[in-house]
Every structure is written in structure tokens, then in C-alpha cells.
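Survey of secondary and tertiary structure
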Amino acid sequence: MTTSKTYPLSMTTQGPLYPPSEVMNTDGDFVVIGTITREGPDGGVVAVPGRAIVAADSPLPEFGSTLPYRIVRELPERLSPADEAMVLATLPLPLPCSNYTAVMAPQQQPDPFSVTRPSYPFHQVPIPDLQPEDGPKVTGPVTLGQWVKARGEVTVTLTGNDTAAEFRGEFAGLIPDSLYTVMAIRRRDMDPGGPAHPSPLGVPNVFVADSEGNGRYRAVLPDPFPAPDAPNAANRVVNFVVLWMSYQLSYGGAVGHHGLGADIHAQLRLDPPGFTEFTTRP
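Description of the structure in this document. Fair warning: this is a prediction, and the values are worked out from it, not measured in the lab.

Turning our attention to the overall build of the chain. From N to C terminus, the chain includes 2 helices and 14 strands. Taking 282 residues into account, the globule formula puts the C-alpha radius of gyration at 19 Å, and the chain, at 18 Å, falls close to it. Considering only C-alpha atoms, the chain reaches an extent of 55 × 50 × 40 Å along its principal axes. Looking at the chain as a whole, 49% of its 282 residues are labelled buried. For the chain, long-range pairs separated by at least 24 residues make up 69% of all intrachain contacts whose partners lie at least 6 apart in sequence. Accessible surface, the chain as shown: approximately 12800 Å² in total, 53% of it carbon and sulfur.

A few words on the nonpolar core. The tendency in soluble globular proteins is for nonpolar side chains to be buried as a group. By size, the foremost hydrophobic cluster in this structure holds 43 residues, and its most contacted members are Phe-167, Phe-240 and Phe-275. Per-element tally for this core: the top contributor is strand E13 (residues 237–245), with 4 residues. Sequence-distant contacts of Phe-167, that is, excluding residues within four places in its chain, are made with Val-154, Thr-155, Val-156, Leu-201, Tyr-217, Arg-218, Ala-219, Leu-221, Pro-224, Phe-225, Phe-240 and Phe-275. By size, the runner-up hydrophobic cluster in this structure holds 31 residues, among which are Ile-36, Leu-93, Tyr-251 and Val-255.

As a further point, take the pairing of E13. Most of E13 is tucked away, with 8 of its 9 residues classed as buried. Where strand E9 (residues 179–186) meets E13, 7 bridges bridge the pair, whose relative direction is antiparallel. What sits directly across from Arg-186, in E13, is Val-237. Judged from the 5 bridges that link them, E13 and strand E14 (residues 264–270) form a sheet pairing that is antiparallel. Within E14, the position partnered with Val-241 by the bridge is Arg-269.

Among the secondary structure elements, Arg-236 is positioned in the loop between strand E12 (215–222) and E13. A polar contact of 3.1 Å, which involves the side chain of Arg-236, links it to the backbone oxygen of Phe-225. In contact with Arg-236, other than residues within four places in its own chain, are Ile-185, Arg-186, Arg-187, Pro-224, Phe-225, Pro-226, Phe-275, Thr-276, Phe-278 and Thr-279.

To continue, consider unusual backbone geometry. Here the residue pair Leu-93 and Pro-94 is connected by a cis peptide bond, since its omega of -5° sits within 30 degrees of zero. As for its position among the elements, Pro-94 is in the loop between strand E6 (88–89) and helix H2 (144–147). The omega torsion of the bond from Pro-272 to Pro-273 falls at -5°, within 30 degrees of zero and hence cis. Note that Pro-273 resides in the segment after E14. Its identity as a non-glycine residue notwithstanding, Asp-129 has a phi of 65°, on the positive side. Position of Asp-129 relative to the elements: it lies in the loop between E6 and H2. With phi around 65°, Phe-275 is a residue other than glycine that occupies positive phi space. Tracing the chain through its elements places Phe-275 in the segment after E14.

On to the pairing of strand E4 (residues 45–54). Across 10 bridges, strand E3 (residues 30–39) lies against E4 in antiparallel orientation. Its bridge partner lying in E4, Thr-35 is registered against Pro-49. Joining the antiparallel neighbours E3 and E4 is a turn of 5 residues, in which Gly-43 adopts a positive phi near 90°.

With that out of the way, let us pick up the packing of aromatic side chains. Each aromatic ring pair is described using two quantities: the centre-to-centre distance and the angle formed by the ring planes. Evaluated as defined, the whole model comprises 14 aromatic pairs. Summarising the aromatic geometry, the rings of Phe-207 and Tyr-217 are spaced 6.4 Å apart at their centres and angled 45° between planes, so their arrangement reads as tilted. Of this pair, Phe-207 sits in strand E11 (residues 206–208) while Tyr-217 sits in strand E12, and the two are 10 residues apart along the sequence. Look at Tyr-217 and you get buried, because its relative accessible area is 6%. Ring geometry for Phe-225 against Phe-275: centres 5.4 Å apart, planes inclined by 50°, an arrangement best described as tilted.

Conventions adopted
Residues numbered from 1 in each chain as written. Predicted model: local features only at pLDDT ≥ 70, side-chain atom pairs only at ≥ 80, totals over all residues. Heavy atoms only, no water. Helix = DSSP H or I, 4+ residues; strand = E, 2+ residues; numbered from the N terminus. Rg over C-alpha atoms; globule rule 2.2 N^0.38 Å. Buried < 20%, exposed > 50% of the residue type's maximum accessible area, 1.4 Å probe, protein only. Contact = heavy atoms within 4.5 Å. Areas by Shrake-Rupley, 256 points an atom, 1.4 Å probe, with all protein chains shown as cover. Core = buried A, V, L, I, M, F, W, Y, C linked by side-chain atoms within 4.5 Å. Pairing = 2+ DSSP bridges. Polar contact = N/O pair within 3.5 Å; in protein donor to acceptor, adjacent residues only side chain to side chain. Phe/Tyr/Trp six-rings, centres within 6.5 Å; stacked < 30°, edge-to-face > 60°.

What follows is the structure, encoded as C-alpha cells:
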């Protein structure tokens, strides 16, 4: 049985398929690096890896279904100087083109869908209670050219006679001097109406990228990979996601108050399926 393995992480701007991205530009369009939904040759919908600027008013299907994104333009693999200089921003609230109805922080923000908030360039996000003399560290525009430099890997090692697993992440090319968190995607998270919500991978789940954009993270989780027939099979961790925190906040047992590009922004993640080699037990 596999007891340790290192996985490369892929740079992205995407969480789930809706909203199409957790990053916008200052024109109000999604900047999508991840999976693009398109019309297939038979008139259906195909989901393929790609890069594109996607309109915020793209058609929105029911949760679990897909419709083709409305593509403003394609983004080449090698970005132009203008695309590299593109200033990145948060999504507004209510979230555009979103069909995920799970409440991210039921104790801290039990009614998140009532909140209205504009999109902010990342460097102009109104950090709560911030005073200029406090010394904010993210003061210049965060650009797409910076974002795409991110890279990393995570090493998973079973411990405690297969009752737990250690996760060790090594990252580079991140946004310097800023707050990141790590999120676990579990099987249960595909049910937006379920009692659970997307959760931290370890608590506290934070690290700060250094002045060169490097970072490290370590956490040990109890029984993160239960067998498919185990009573807690829905708790199985299937992905490891590194989130940039635009409000420079962490949220205890929640990953954010609103998630999905409003206050968290996926930048690195494992290509699915993840961690299939491992099985743990209580």
C-alpha cells in the first residue's frame, strides 16, 4: 500500500465551474484558467482545459449541470504584455453566475446571500479596520502576469498506523508578503444543500508568502481518506487547494465568509482525481 506520495499542483483561477472563475478583471469579466465549458460538435457541452476571458452574464445552469460559457476572447498560453499587465479583482456580491448555495460560514455569516458588495481590485480591497499607518503589504496592483507564476507540490504521508495523514506543501511564485490559506475539498462538498461546508485543511490553515513569493504549509488530518464503504466515506479528502485571501483574513473553521472569489481565490490545486492511492481508518 502507498504510504507517501508527492503530487504537483496546477496553477488556476478556478474553484467550481460556477462561477467560472474566482478572479475577475477590472472590466467585470471572469479570468478563467482551468476548465472551459464549450459547445461540442454534437451540440452538447464539453468541458476542456483552457484559458479565456468569460462574460459575467454567461448562461447559468442548475447545480451539477453545465452550459457553454460566453467567451469574450481566448487567452493564449503565452500571455501578451497587455494580458500580463491585466489587473485582477474580486468578484462582487451577490456572486455572478453562481449556482453553489452552500453557506460557507454558517456561524459567522449565516445569511451571506443578502450581502451586496462591489468588485474591488485586489490591491484596493477594504480590509476591515485597516488604518494606513498599520502598514498594509499589498499596495500595488496584482496582475495576471504575477498570478500565473504560482507553482507548488504537496507530499502526503500516512501516519499513526494509517489513522491519519500528514500534508506538506511547498510553494513558489505566490503573491509576496500576503496571506494564504489551504482548503480541503471533500466528497460531500458536491452537495451544496448538505449540512457541511467546504473546510480548512487543518486549523489554523494559514501561511504567509515571503518577500520572494515562497511559502510552506503542514497539517495532519485524522482519517482523511476513509474507504468508499466506510460510514464517513463522504468526508474523504479529494483535493488540496491553495487560496489567496484578498481581505487578508482567516476564518477559523470556515474558509471564508462568502467564498468562490468574493474573499477567497484558488491559485493552486491538485488535478483530479486526487489521493486515490490512500486509505485510512479511524
